[in-house]
Amino acid sequence: MTTSEPAATLDNLLAEDRTFPPPDGFAATANVTAEAYRRATEDPEAYWAEQARRLSWATEWTDVLDWTDAPHARWFVGGELNVAYNCVDRHVESGNGERVAIHWEGEPGDTRTITYAQLQDEVCRTANALTSLGLQAGDRVAIYLPMVPEAVFAMLACARLGLPHSVVFGGFSAEALRTRIADAQAQVVITADGQYRRGSAAPLKSAVDEAVADRDSPVRSVVVVRRTGIDVSWTDKDVWWHDLVDGQSTEHTLQAFPSEHPLFILYTSGTTGKPKGILHTSGGYLTQAAYTHWAVFDLKPETDVYWCTADIGWVTGHSYIVYGPLANGATEVIYEGTPNTPHEGRHWDIVDKYGVSIYYTAPTLIRTFMKWGSEIPGRYRLDSLRVLGSVGEPINPEAWMWYRQTIGRDRCPIVDTWWQTETGAIMISPLPGVTATKPGSAMTPLPGISAAVVNDDGVRVGPGGGGYLVLDRPWPGMLRTIWGDDQRFVDTYWSRFAAQGYYFAGDGAKYDTDGALWLLGRVDDVMNVSGHRISTTEVESALVAHPSVAEAAVVGASDEMTGQGIVAFVILRGDAAAKVQTDGQSGADLVSELRKHVGTQIGPIARPRQIMIVQELPKTRSGKIMRRLLRDVAEHRDLGDVTTLQDSSVMELITTGLASGK
Ligand code: WTA
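Throughout this description, residue numbers start from 1 for each chain and increase along the sequence as written. In keeping with the predicted nature of the model, local features appear solely for residues at pLDDT of at least 70, side-chain atom pairs appear and are counted solely at 80 or more, and the whole-chain, interface and lining totals rest on all residues. Excluding hydrogens and water, the side-chain figures rest on all heavy atoms present in the structure.

- Per an unreviewed UniProt entry, the recorded name for the protein chain is Acetyl-coenzyme A synthetase, and the organism is Nakamurella endophytica.
- Regarding the protein chain, the UniProt comment filed under Cofactor (unreviewed entry) reads as follows: "Mg(2+)".
- UniProt positions are given in the numbering used here, feature names are shortened, and annotations may be inferred rather than shown by experiment. Recorded in UniProt under Sequence similarities (unreviewed entry), the annotation for the protein chain is "Belongs to the ATP-dependent AMP-binding enzyme family."

1. Comments concerning the overall build of the protein chain
Now for step 1: Secondary structure assignment for the protein chain yields 22 helices and 30 strands.
Now for step 2: Computed over C-alpha atoms, the radius of gyration of the protein chain comes to 25 Å, within 12% of the 26 Å expected from 2.2 N^0.38 for 662 residues, which places it in the range of a compact globule.
Now for step 3: Principal-axis analysis of the C-alpha atoms gives the protein chain an extent of 75 × 65 × 55 Å.
Now for step 4: Partly exposed residues are those whose accessible area sits between 20% and 50% of the maximum for their type, while under 20% is buried and over 50% is exposed, using a 1.4 Å probe and protein chains only. Evaluated residue by residue, the protein chain yields a buried proportion of 61% over its 662 residues.
Now for step 5: Contact criterion: two residues are considered in contact whenever any of their non-hydrogen atoms come within 4.5 Å of each other. Considering only intrachain contacts with a sequence separation of at least 6, the fraction spanning at least 24 residues in the protein chain is 71%.
Now for step 6: Here the accessible surface of atoms and residues is derived via Shrake-Rupley with a 1.4 Å probe, and residues count as covered only by protein chains that are part of the display. Carbon and sulfur atoms provide 48% of the accessible area of the protein chain, an area that totals close to 24600 Å².
Now for step 7: As used throughout, the charge tally considers Lys and Arg to be positive and Asp and Glu to be negative, leaving His and the chain termini uncounted. Every charge is mapped onto a representative atom, which is NZ of Lys, CZ of Arg, CG of Asp or CD of Glu. Each charge sign in the protein chain was given a centre, from 58 positive and 82 negative side chains, and these centres are 1 Å apart. Strands are runs of DSSP state E lasting at least two residues, helices are runs of H or I lasting at least four, and both sets are numbered from the N terminus onward. Here the globule rule reads 2.2 Å times residues to the power 0.38, and the radius of gyration is calculated from C-alpha atoms.

2. Concerning the site of the ligand
Now for step 1: Neighbouring residues of the ligand: 17 residues in total, closest Asp416, Thr417, Thr421, Arg522 and Arg533.
Now for step 2: Pairs of N or O atoms are called polar contacts if they sit within 3.5 Å, as long as, within protein, a hydrogen donor faces a hydrogen acceptor (for residues adjacent in sequence, only side-chain-to-side-chain pairs). Between Gly392 and the ligand, the recorded distance is 3.1 Å, taken from a backbone N or O atom to a nitrogen atom.
Now for step 3: For the ligand, the accessible surface in isolation is 520 Å², of which the surrounding protein chains cover 97%.
Now for step 4: Elements with a minimum of two residues in the shell around the ligand: helix H12 (315–327), strand E20 (414–417) and strand E25 (517–522).
Now for step 5: Looking at the shell around the ligand, its residues break down into 6 nonpolar, 6 polar and 5 charged. Distances are taken per atom, and a residue is near a molecule or strand as soon as one of its heavy atoms is within 4 Å of it. Each residue gets one of three labels, nonpolar for Ala, Val, Leu, Ile, Met, Phe, Trp, Tyr, Cys and Pro, charged for Asp, Glu, Lys and Arg, and polar for the others, Gly among them.

3. Quick word on the sheet that holds strand E14 (residues 262–268)
Now for step 1: Any two strands between which DSSP finds at least two bridges are classified as paired. Pairing is mixed across the open sheet formed by 8 strands, whose spatial order is E12-E11-E8-E6-E7-E14-E15-E23. The sheet is open, and its two borders are formed by strand E12 (238–240) and strand E23 (481–482), each paired with just one other strand.
Now for step 2: Pairing geometry for strand E6 (residues 141–144) and strand E7 (residues 165–167), over 3 bridges, is parallel. Residue pairing in the sheet places Val141 in a bridge with His165 of E7.
Now for step 3: Structural elements are reduced to axes, namely lines fitted to C-alpha atoms, with helices fitted over the stretch in contact, and the angle between N-to-C directions of any two is expressed from 0 to 180 degrees. Strand contacts of helix H8 (residues 174–184): E6, strand E8 (188–192) and E14, with the helix running at about 145° to E14, the strand carrying the most contacts.
Now for step 4: The strands touched by H12 within the sheet are E7 and E14, with E14 carrying the most contacts at an inclination of about 145°.

4. Comments concerning the UniProt feature "domain: AMP-dependent synthetase/ligase" (unreviewed entry) in the protein chain
Now for step 1: Per the UniProt annotation, the sites labelled "domain: AMP-dependent synthetase/ligase" (unreviewed entry) are residues 95–475.
Now for step 2: Along residues 95–475 the backbone is 30% helical and 23% strand, and the end-to-end C-alpha distance reaches 32 Å.

5. As for the nonpolar core
Now for step 1: Residues Leu119, Leu156, Phe297, Tyr323, Val539 and Leu543 are the most contacted members of the largest nonpolar core, which totals 170 residues.
Now for step 2: With sequence-adjacent residues up to four places away left out, Tyr323 is seen in contact with Val83, Cys87, Met155, Leu156, Ala159, His165, Leu263, Phe264, Tyr285, Leu286 and His318.
Now for step 3: Here, nonpolar core refers to any group of buried Ala, Val, Leu, Ile, Met, Phe, Trp, Tyr and Cys residues whose side-chain atoms link them within 4.5 Å. Counting 29 residues, the second-largest nonpolar core is a separate cluster that includes Ile350, Ile366, Ile395 and Trp400.

6. Describing helix H16 (residues 397–407)
Now for step 1: Most of H16 sits out of view: 9 of its 11 residues are buried.
Now for step 2: What H16 keeps buried is the set Pro397, Ala399, Trp400, Met401, Trp402, Tyr403, Arg404, Thr406 and Ile407.
Now for step 3: Backbone geometry just after H16 places Arg409 at a positive phi near 50°.

7. Focus on the pattern of salt bridges
Now for step 1: Salt bridge, as used here, is a side-chain nitrogen of Lys or Arg placed within 4 Å of a carboxyl oxygen of Asp or Glu. Under the defined criterion, the tally for this structure stands at 37 salt bridges.
Now for step 2: A salt bridge links Glu150 to Arg112; the nearest nitrogen and oxygen atoms lie 3.8 Å apart. With Glu150 in helix H7 (residues 149–161) and Arg112 in strand E5 (residues 111–115), this pair connects stretches of sequence that are 38 residues apart.
Now for step 3: Its relative accessible area of 29% is what places Arg112 among the partly exposed residues.
Now for step 4: Of the charged contacts, one joins Arg381 and Asp383 as a salt bridge, the two residues approaching to 3.6 Å between their closest N and O atoms. A single burial state applies to Arg381 and to Asp383, both of which are exposed.
Now for step 5: Three or more residues joined by partner-sharing salt bridges are found here, namely Glu35, Arg38, Arg39, Glu42 and Glu50.

See below:
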């Protein structure tokens, strides 16, 4: 494991002394007040039990937490519930069936308004359809869909039937989909013919065709939503969504499942080439998703219109588009497309159109909006907004201030929320009615959550100190294991500070002198590109799988727009190298071919920003690639000490080679 040095701008960050207390009047009506911190600290389990009562349980639990088999937690032991009932039916039963659950806005401008009563019908039909395919509780279903309402229906229908879903981001490649299907042994895939991206229809089903083509594929059926109308090829596994679902009954008798019944698997990058299937279960996950959505965004379900701009293919979409908001009976916007289609004001247009009051997005998008110019949001009213959220990567103070002033018009509190696929829900964040925020800081753990910053030896540091972020107490939404690889679960998260029993988050963090937390990015070989986690090893494996590549090293170099950008250094195989040496053009051709190749292997988000062909890679005497040096090259920094290099002339070779364009 390599430890990355804290960001160079850290000192500036920690000198940040602007603070923004909750706006006048906000605190008076806020869902959560300062008293919650005290109560939660006194008795965290009692606090979480109180939060679990937001949900409807078919059977009450007997124990809040069983941690006797740590690090394997069981929450709300003995309790039984149905997650979909909690997200849909109970709102209808309590008289809110006519409340809008989803204002869906398609990229081309088509729209759909779905009330809770209609959502109930759709979920029941979909559940009946999945049952007709022979699926039984515990079977896995892969969902590979764009941001269409059917994605929500499918997830909730799976939850209703106790079928763990594995949502695979629609931007991932056929190969990435294939490995995820194989790992989870999914029997059914739900997809669409195509998806709208930047104004045009791109194929999607073709990737599924490729992913399930193998004779030993576990997939029996592929359910296809007609979204774009583009041509698709057809096999006898395929069935149209409208043929399968539309004729089903809207009656469906539900069943309660144990609190620890698996709800979903979501794959995320780790430090090796193989993605990890993060497993989440039902009662604890839904408790924390619902509680945090209510507390952090100060949700008032009767009046708020909430919009999270994430894709359901990521954990933010799971917890803050599907499970959290719907468990709370919220009215939300779901937008299908890209933020600049057909124009760069699309998001602000949507905010005004639906009266969005809570807006939750990622720093990379905020920086993109900044680049497009303040005059664009300046043309819109945006007076419905009252809370702004940020997630996915550290937010730089400039972007934070721009968000506050230009979008929030200096009236809306900003909640910078730190969490991970593994944590299931928000862990560290301001509370909008309580916290005086600082631009760029996620501030403090939520009531009920405990975190610490420790040094290399696992010793806690105090105000002003820095090190690794750890979570020192179990929390309800925590991952339960890595699907099919429990040893990796223990090794990855619990071995680094095993003596202390801490969960190792993989992030660097620091306390300022007031004790506020500043997250500093990953300390392992995981990159964060536009808020997406991508492992350096995964990209390296994709590169060396290309016949022209002998060796590859990948680093995340800081990037103004995307947080980090992927930079790859490759050594070519003999023939390819000889060709590139004699002919300048083939170097450029090869580089673009390699970028494309990574796109096919993993997905377009993993395509390197830059690929440098080099003759050597810097290695330590023990043969480890020195990524730190490569990062320095990629970020054009001075190289510093290279004496631990096996051959220190290597760096010279790389830098002079690069300077001469080779
Ligand atoms: C980073 C996304 C700083 C962090 C919910 C974490 C953040 C990884 C923040 C998880 C934030 C997320 N401030 N860093 N507010 N939010 N991160 O699993 O490095 O896609 O470990 O979950 O994103 O990414 P993941």
